[in-house]
Amino acid sequence: MIRAAACKQWNGLVRELHGSCSPISPLLLQHYSTTTSSKGAYNGSEILNYMGGLDGDKKQLVHKLVNFRMKQGKKTIVRSIFHETLHRLARTDRDGVQLIADALENVKPICEVAKVRIAGNIYDVPGVVARDRQQTLAVRWILDAAFKRRTNHSSRLEECLFAEIMDAYRKRGTARKKREVLHGLASTNRSYAHFRWW
């Protein structure tokens, strides 16, 4: 609060001196106006304004990312983590939500295996994954990989989530490996596909 008041005071002072002072004052004015606006990007109204410009699928994706991470109803903490990650993604000169959507497309599994017991034997039967479950599995795998990276490297969750999303966007990383392992398992057990009854 004190910092915001100081910035407003400084902006007023620079505006008063802008006409008669040196050419550095417009640069200071621009710098301090951008720092105050970037600081305000973390509040709820700015986030909701940004969410208003998204279509239905991207909105659902953002809500799913936030809700999957939330524990004990602490949604504001998770939102701050997620939007810090979005700011990091925005520095790559791409739309952050579109980049997340593309990363999830690279991680989504097409097929998975289910254990089926037939005549006393248990078989891994491959099957096609529904669209909603594809997105759910991709979100879960990326978040799990970010948590594992955080425990291994002892860095902030925002950095780990950003790194994992960028890895998934480039078709590499832990979440992508999970997808490839699952597809390999389904391909290995494709001879048991006729046991699928669901």
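Structure shown above.
These notes cover the structure that comes with them. The shown structure was predicted, so the numbers you read here are calculated from the model rather than taken from an experiment.

About the thresholds
- Within any chain, residue numbers begin from 1 and follow the written order of that chain's sequence.
- Under the rules for a predicted model, residues below a pLDDT of 70 receive no local features and side-chain atom pairs below 80 are neither given nor counted, while totals for whole chains, interfaces and linings still include all residues.
- Hydrogen atoms and water are omitted, and side-chain values are computed over all heavy atoms in the structure.
- Per the convention used, a helix needs a DSSP run of H or I reaching at least four residues, while a strand needs a run of E reaching at least two, with both numbered from the N terminus.
- Any residue under 20% of the maximum accessible area for its type is buried, any over 50% is exposed, and the rest in between are partly exposed; the area is computed with a 1.4 Å probe on protein chains only.
- Residue exposure ignores everything except the shown protein chains as possible cover, and the areas themselves are Shrake-Rupley values with a 1.4 Å probe.
- Any two residues whose heavy atoms approach within 4.5 Å are treated as being in contact.
- Helix span, as expected, comes to 1.5 Å for every residue beyond the first.
- One bridge is not enough; two strands pair if DSSP finds at least two bridges between them.
- Lines fitted to C-alpha atoms define the axes, with helix axes restricted to the stretch in contact, and inter-axis angles between N-to-C directions lie between 0 and 180 degrees.
- For classification purposes, angles smaller than 35 degrees are called roughly parallel, those larger than 145 roughly antiparallel, those between 65 and 115 roughly perpendicular, and all remaining angles oblique.
- The hand of a helix crossing depends on one turn: near helix anticlockwise from the far one by less than a right angle means left-handed, and clockwise means right-handed.
- Each residue receives one of three labels: charged for Asp, Glu, Lys and Arg, nonpolar for Ala, Val, Leu, Ile, Met, Phe, Trp, Tyr, Cys and Pro, and polar for the others, Gly being one of them.
- The pairing test for Phe, Tyr and Trp rings, Trp by its six-membered ring, is centres within 6.5 Å, and the orientation test on the planes gives stacked under 30 degrees, edge-to-face over 60, and tilted for anything in between.

Some points on the overall build of the protein chain
Here's step 1: Looking only at helices and strands, the protein chain has 9 helices and 2 strands in total.
Here's step 2: Helices (α) and strands (β) of the protein chain occur, in sequence order from the N terminus, as α-α-α-α-α-α-β-β-α-α-α.
Here's step 3: Looking at the protein chain residue by residue over its 198 residues, the buried ones come to 35%.
Here's step 4: A total of about 12,500 Å² of accessible surface is found on the protein chain, and carbon and sulfur atoms cover 54% of it.

Some words on the side chain of Arg176
Here's step 1: Assignment of secondary structure puts Arg176 in helix H9 (residues 174-188).
Here's step 2: On the basis of relative accessible area, Arg176 is assigned to the buried category, the value being 13%.
Here's step 3: With near-sequence residues (within four places) excluded, Arg176 lies in contact with Asn106, Val107 and Lys171.

With respect to helix H7 (residues 131-153)
Here's step 1: The first and last C-alpha atoms of H7 sit 33 Å apart over 23 residues, in line with the 33 Å expected at 1.5 Å per residue.
Here's step 2: Taken as a whole, H7 has its buried residues at Gln134, Gln135, Thr136, Leu137, Ala138, Val139, Trp141, Ile142, Leu143, Ala145 and Ala146.
Here's step 3: Residues of H7 that are buried make contact with helix H4 (56-69), helix H6 (96-107), strand E1 (111-118), helix H8 (157-169) and H9.
Here's step 4: At the C-terminal side of H7, Ser154 shows a positive phi close to 50 degrees.

Concerning the pairing of E1
Within a regular strand, the side chains alternate between the two sheet faces.
Here's step 1: Bridging between E1 and strand E2 (residues 121-128) involves 8 bridges; their strand directions are antiparallel. Each residue of the ladder has a partner; that of Cys111, found in E2, is Val128.
Here's step 2: Between E1 and E2, which pair antiparallel in sequence order, lie 2 residues; one of them, Ala119, sits at a positive phi of approximately 55 degrees.

Quick look at the environment of Val129
Here's step 1: Secondary-structure assignment places Val129 in the loop between E2 and H7.
Here's step 2: The spatial distance from the C-alpha of Val129 to the C-alpha of Ile110 is 5.7 Å, given a sequence separation of 19 residues.
Here's step 3: Those residues within four positions of Val129 in sequence are excluded, and the remaining contacts are Pro109, Ile110, Cys111, Glu112, Gln134 and Leu137.

A closer look at the packing of helix H5 (residues 75-90) against H8
Here's step 1: Close contact between H5 and H8 brings their axes to 9 Å; oriented N to C, the two are set at 50 degrees. Taken together, H5 and H8 sit at an angle that is classed as oblique. Once H5 is placed against H8, the crossing between them reads as right-handed. The segment H5 lies against H8, with Ile81, Glu84, Thr85, Arg88 and Leu89 engaging Leu157, Glu158, Glu159, Leu161, Phe162, Ile165 and Met166.
Here's step 2: Of the residues in the contact of H5 with H8, the class split is 7 nonpolar, 1 polar and 4 charged.

Observations regarding the packing of aromatic side chains
Here's step 1: This structure, assessed with the given rule, holds 3 aromatic pairs.
Here's step 2: Ring centres of Tyr123 and Tyr192 lie 4.8 Å apart, and the angle between their planes is 45 degrees; this geometry places the pair in the tilted category. A residue pair is termed long-range when its members are at least 10 positions apart, and Tyr123 in strand E2 and Tyr192 in the segment after H9 qualify at 69 residues.
Here's step 3: The partly exposed category is assigned to Tyr192, whose relative accessible area is 28%.
Here's step 4: Seen in terms of ring centroids, Tyr192 and Phe195 are 6.2 Å apart; in terms of plane orientation they differ by 15 degrees. Their pairing is stacked.
Here's step 5: Put simply, the rings of Tyr123, Tyr192 and Phe195 pair up and form one aromatic cluster.

Side note on H5
Here's step 1: Taking 1.5 Å of rise per residue, 16 residues should cover 22 Å, and H5 covers 22 Å from first to last C-alpha, within 8% of that figure.
Here's step 2: All of the buried residues along H5 are Val78, Ile81, Phe82, His83, Glu84, Thr85, Leu86, Arg88 and Leu89.

Considering the environment of Trp198
Here's step 1: Assignment of secondary structure puts Trp198 in the segment after H9.
Here's step 2: On the basis of relative accessibility, which here comes to 43%, the residue Trp198 falls in the partly exposed class.
Here's step 3: Through-space distance from the C-alpha of Trp198 to that of Gly127 is 9.0 Å; in sequence the pair is 71 residues apart.

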